[in-house]
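Structure assessment
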Amino acid sequence: MNDADAAVSLLRGASAAAAEVFRSILTRGPISRIDIARLTGLSQAAVTKAVAPLIEVGLVSNQLDSQRDGQPGRPANPLMVVADSLVFIGIKVNADEIVGVATDLPTSILASDRRPLHSTELDAVVEAIEATTTTLVDTLGGRAERICAVGVTVSGDVDAHSGVVRESAIMGWTEVPLAKILTGRLDRDVLVENDVRALTIGEHWFGVGVGTASFAIVTIGRGIGSGLHVNGEVVEGAYGVAGEIGHLPLTSPDRICPCGRRGCVEAVAGTPAIVAEVARGHGRELSIDEVLDLAHRGDPVAVRTFEQAATVIGTAIATLVNLAGPELVIIGGEAVSDFDLFEAHLRAAFAEHAFGAAGRCRIVTRPHTFEDWARGAAASAIERLVENRI
C-alpha cells in the first residue's frame, strides 16, 4: 500500500468526528487545534487524537512557524493539508465539449485538457472522457499514482449516490448508469454529480461558502440552473433534485422547454430559446454571436427578448430566495459575460417578487470558466471521500 492508498483508507474508515476535523483543516487551514475544537465542538483531546493519524499518513502537516494560542507557555502549531498528498480528476461534460482538470486536495489545478465533443451519443462521450483522463494522467507523471477518484458532472437530473443520469435534456440521456460505465472503463472510483450542484460544492468548500452561512448559485446560459448552500451544507434533496429553478413553470404554457415540459423558465431564458426567439423575429437563422450583437446595438426584437428572459430569471431567483432565504445569490454561467443585457430587468423582477426581508439578499456576478466547472467536479469527489460516501 502506497502513501495515497493509506491516506484514502484512513479517510474511508474515519469516524464522523475525525472527518469533521479533517474537513476543518482542509477548508480553513492553516488552523490551530484550539480553533478546530471551537469550530467542531470537540474537545482538544479529541482533536489531537484525530489529527495524529492524519499527520502520520501525510495528509496533514504541522510544520509551520509556531505561534501563541493565547495561553501562557503554549505554542500553537497551525495545521494544514499537504496539498498534493492526494490528486483528483474533475470532468465537466458539455454538449459540445469535454473539459477535464487534475487537482490537488484544495482543488488547485495541476493539469487540464479540453477536447471537442462531436456527438452526445453515450459511446462517444465515454470515449472522450477516457481520452481526457488518459491525457491528464500522462501530464501528471509520477503524481498520477496519487489519483484516488474521478468526479464527472453532467447537466440534468443526476442521482449522485447511484451514479445514474436519470434525465439530461442537453445530452438527450435517460437512465444512463454513467458511473458504472466509467468505473469499468477507467478502472478508478468514479462519482457522477449534477454540474451546478458540483460547482456549489466547490464554492462551499473552497470559495465563498467558507465565510458565508447561506448562498445560492444561479447559472445562466444554455440552461438555467441553481445550487443551494443553506446552514453550512449544500442542499441535495431527498431524490437528488434540488434548486432546479430552470424548470419552474413561470412562463407561458405555449413555450416548450428542451426537457419536454411547458412553461419552464429555461424555455424562455436559456440561450437556445433566446436565439430562436430573435431568429423568429427576424425571419432568418441567427447565431448566438449575431443575437448578442443585435442586442448590444439596440435591436428592438433582441432587446425585448433579453428583457423577457431577464424578467423570468429575476422572478425565479425571487422564488428561490423566498423559499430558502440565502444571504447571497451568485450569478454565473457562460452568459454572465453579457449580464448587462439582463441586469436591469432581472433586478427589477427580483425586487418586485422578493418578500419582505428576502429583498435584502445580495445578487452578484462571478464569472466561472469551464475549468472552474471541472474543478467543481473534482471538489464533489473530494467531498464524497471526506464525508465517507465513496
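It should be emphasised that the depicted structure is a prediction, and the values quoted were computed from it without experimental measurement. (Residues numbered from 1 in each chain as written. Predicted model: local features only at pLDDT ≥ 70, side-chain atom pairs only at ≥ 80, totals over all residues. Heavy atoms only, no water.)

This part is about the overall build of the protein. Helix and strand counts for the protein stand at 13 helices and 17 strands. For the protein, the C-alpha atoms occupy an extent of roughly 75 × 50 × 35 Å along the three principal directions. Burial statistics for the protein: of 390 residues in total, 51% are counted as buried. Across the protein, every contact between residues at least 6 apart in sequence was considered, and the portion connecting residues at least 24 apart equals 62%. Carbon together with sulfur atoms contributes 49% to the accessible area of the protein, which is approximately 16800 Å² in total. Computed over 33 positive and 49 negative side-chain charges, the separation of the two mean positions in the protein equals 5 Å. (Helix = DSSP H or I, 4+ residues; strand = E, 2+ residues; numbered from the N terminus. Buried < 20%, exposed > 50% of the residue type's maximum accessible area, 1.4 Å probe, protein only. Contact = heavy atoms within 4.5 Å. Areas by Shrake-Rupley, 256 points an atom, 1.4 Å probe, with all protein chains shown as cover. Lys, Arg positive; Asp, Glu negative; His and termini not counted. Charge placed at Lys NZ, Arg CZ, Asp CG, Glu CD.)

Right, let's get into the pairing of strand β7 (residues 109–116). Pairing analysis gives 7 bridges linking strand β6 (residues 97–103) to β7, with the strands arranged antiparallel. Within the sheet, the bridge partner assigned to Ala102 lies in β7 and is Ala111. A loop of 5 residues connects β6 with β7, the two strands running antiparallel in sequence, and Thr107 in this loop sits at a positive phi of about 70°. (Pairing = 2+ DSSP bridges.)

Bringing the domain arrangement of the protein into the picture now. Along its sequence, the protein is organised into domain 1 (3–81), domain 2 (87–201 + 371–387) and domain 3 (210–365). Relative to domain 2, the C-alpha centre of domain 1 lies at a distance of 29 Å. Counting residues at the interface gives 10 residues for domain 1 and 10 residues for domain 2. Across the domain 1/domain 2 interface, buried area totals approximately 830 Å², and carbon plus sulfur atoms make up 73% of it. Contact with domain 2 buries area across many residues of domain 1, yet Leu11, Arg12 and Leu26 alone supply 41% of it, more than any other trio. The tally of links between domain 1 and domain 2 comes to 2 salt bridges. A salt bridge links Arg12 to Asp189; the shortest N-O distance between them is 2.4 Å. The interface formed by domain 1 and domain 2 contains 2 residue pairs in polar contact (both at pLDDT 80 or more). (Domains from an automatic or database assignment. Buried area = accessible area lost by both parts, 1.4 Å probe. Salt bridge = Lys/Arg side-chain N within 4 Å of Asp/Glu carboxyl O. Polar contact = N/O pair within 3.5 Å; in protein donor to acceptor, adjacent residues only side chain to side chain.)

Once that is clear, we can look at the packing of aromatic side chains. Under the criterion given, the structure shown has 2 aromatic pairs. Ring centres 5.4 Å apart and planes at 80° place the aromatic pair Phe306 and Phe342 in the edge-to-face group. Of the two residues, Phe306 sits in helix α11 (residues 300–324) while Phe342 sits in the loop between β16 (328–332) and α12 (343–353), which places them 36 residues apart along the sequence. You'll find Phe306 and Phe342 in the same group, each marked buried. (Phe/Tyr/Trp six-rings, centres within 6.5 Å; stacked < 30°, edge-to-face > 60°.)

By the element assignment, Asn194 lies in strand β12 (residues 190–194). Here Asn194 falls in the buried class, since its relative accessible area comes to 5%. There is a polar contact of 2.8 Å between the side chain of Asn194 and the backbone oxygen of Gly156. Polar side-chain contacts of Asn194 include one of 3.0 Å to the backbone nitrogen of Val196. Aside from chain neighbours lying at most four places away, what touches Asn194 is Thr153, Val154, Ser155, Gly156, Val158 and Glu244.

A few words on the sheet that holds strand β11 (residues 173–176). Spatially, 3 strands are ordered β9-β10-β11 in an open sheet, and the strand pairing comes out antiparallel. The open sheet terminates on both sides in strands that have one partner only, identified here as β9 (157–159) and β11. Strand-to-strand twist across the sheet, computed as the mean angle between neighbouring axes with direction ignored, equals 15°. Note that β9 and strand β10 (residues 164–168) share 3 bridges and pair antiparallel. Within the sheet, the bridge partner assigned to Asp159 lies in β10 and is Val164. (Axes fitted to C-alpha atoms, helices over the stretch in contact; angles between N-to-C directions.)

Right, let's talk about the packing of helix α10 (residues 288–296) against α11 for a bit. Running from amino to carboxyl end, α10 crosses α11 at an angle of 100°, the nearest separation of the two axes being 7 Å. Judged by the angle between their axes, α10 and α11 are roughly perpendicular. In this structure, α10 contributes Val291, Leu292, Leu294 and Ala295 to the contact, and α11 contributes Ala302, Val303 and Phe306. When the residues that make up the contact of α10 with α11 are grouped by side-chain class, the tally is 7 nonpolar, no polar and no charged. (Parallel < 35°, antiparallel > 145°, perpendicular 65-115°, else oblique. Nonpolar A, V, L, I, M, F, W, Y, C, P; charged D, E, K, R; others polar.)

Turning to the packing of helix α9 (residues 271–282) against α11, a few remarks are in order. Here α9 crosses α11 at 150°, and the two axes come no closer than 9 Å. When the axes of α9 and α11 are compared, the pair comes out roughly antiparallel. The hand of the α9/α11 crossing is right-handed. On α11, the residues that touch Ile274, Glu277, Val278, Gly281 and His282 of α9 are Val301, Ala302, Thr305, Phe306 and Ala309. Along the lines of polarity and charge, the residues of the contact of α9 with α11 split into 6 nonpolar, 3 polar and 1 charged. (Left-handed = near helix turned anticlockwise from the far one by under 90°.)

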